[in-house]
Amino acid sequence: ITAPGDGVLIPAPYYPAFDNDLRVRDGARAIPVHGDSAAQLPSAAQLDAAVANAAAEGCAVRALLLTNPSNPLGIVYPPAALKAAAAWALGRGMHVVFDEVYASSVFAESDDAP
């Protein structure tokens with residue numbers, strides 16, 4: 001979905017190995033995008049600014065990578081926030097990649113929990 005030198009937006013903080021994975025496998029560049037807090041996905045304005053900054057550096061952004069739950073924070077984003085971020089990217093002709101490696105993790109309740 002990318003060519004060498006293309007960018008992939010990733011809400012920050014994010015799993016640090018994404019930098020290596022994108023660079024080594026595809027020659028792509030991870031572009032961190034911060035929201036108003038580490039617990040929030042970036043807004044449309046913040047994503048637009050990241051795209052504009054990348055374009056000014058000669059980097060075409062081709063995708064938005066979303067991790068839910070967040071890695072490394074473990075935050076589960078609200079469905080509305082994920083849908084809004086995906087709609088933002090799709091509306092600009094970008095690919096949306098969801099990393100939901102922990103989506104099926106289920107933990108039993110325990111009486112030992114604090």
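These numbers come from a predicted model, not from an experiment.

The next subject is the pattern of salt bridges. This structure, assessed with the given rule, holds three salt bridges. Here Asp48 makes a salt bridge to Arg92, at a shortest N to O gap of 3.1 Å. Taken as a pair, Asp48 in helix α2 (residues 44–56) and Arg92 in the loop between α3 (79–91) and β4 (95–99) lie far apart in primary sequence, 44 residues in all. The partly exposed category is assigned to Asp48, whose relative accessible area is 32%. In this structure Arg92 comes out as partly exposed when scored by relative accessible area, which is 44%.

Moving on, we come to unusual backbone geometry. Of note, the bond from Ala12 into Pro13 is cis; its omega dihedral lies within 30 degrees of zero at 0°. Note on placement: Pro13 falls in the loop between β1 (7–12) and α1 (17–26).

Another point: the nonpolar core. Ranked by internal contacts, the top residues of the largest apolar core, which has 17 residues, are Leu9 and Leu64. Elements supplying a minimum of two residues to this core: β2 (29–34), α2, β3 (61–67) and α3. In terms of residues, this core owes the most to one element, α3, which gives four residues. In this view, Leu64 contacts Leu9, Pro11, Leu47, Ala85, Ala89, His95, Val96 and Val97; residues no more than four positions away in its chain are not counted. Core analysis: the next-biggest nonpolar cluster, separate from the first, contains 10 residues, Val8, Ile10, Phe18 and Leu22 among them.

Cut-offs used in this document
Sequence positions are assigned chain by chain, starting from 1 and proceeding in written order. Only residues with pLDDT of at least 70 are given local features in this predicted model, and only at 80 or more are side-chain atom pairs given and counted; all residues enter the totals for whole chains, interfaces and linings. Heavy atoms throughout the structure, all of them, feed into the side-chain values; hydrogens and water do not. Salt bridges are defined by distance alone: a side-chain nitrogen of Lys or Arg within 4 Å of a carboxyl oxygen of Asp or Glu. Where helices and strands are cited, they refer to DSSP runs of H or I of at least four residues and of E of at least two residues respectively, numbered from the N terminus. Burial classes: relative accessible area under 20% of the type maximum marks a residue as buried, over 50% as exposed, and values in between as partly exposed (1.4 Å probe, protein chains only). Definition used in this section: a nonpolar core is a set of buried Ala, Val, Leu, Ile, Met, Phe, Trp, Tyr and Cys residues joined via side-chain atoms within 4.5 Å. Throughout, a residue-residue contact means that at least one pair of heavy atoms, one from each residue, lies within 4.5 Å.

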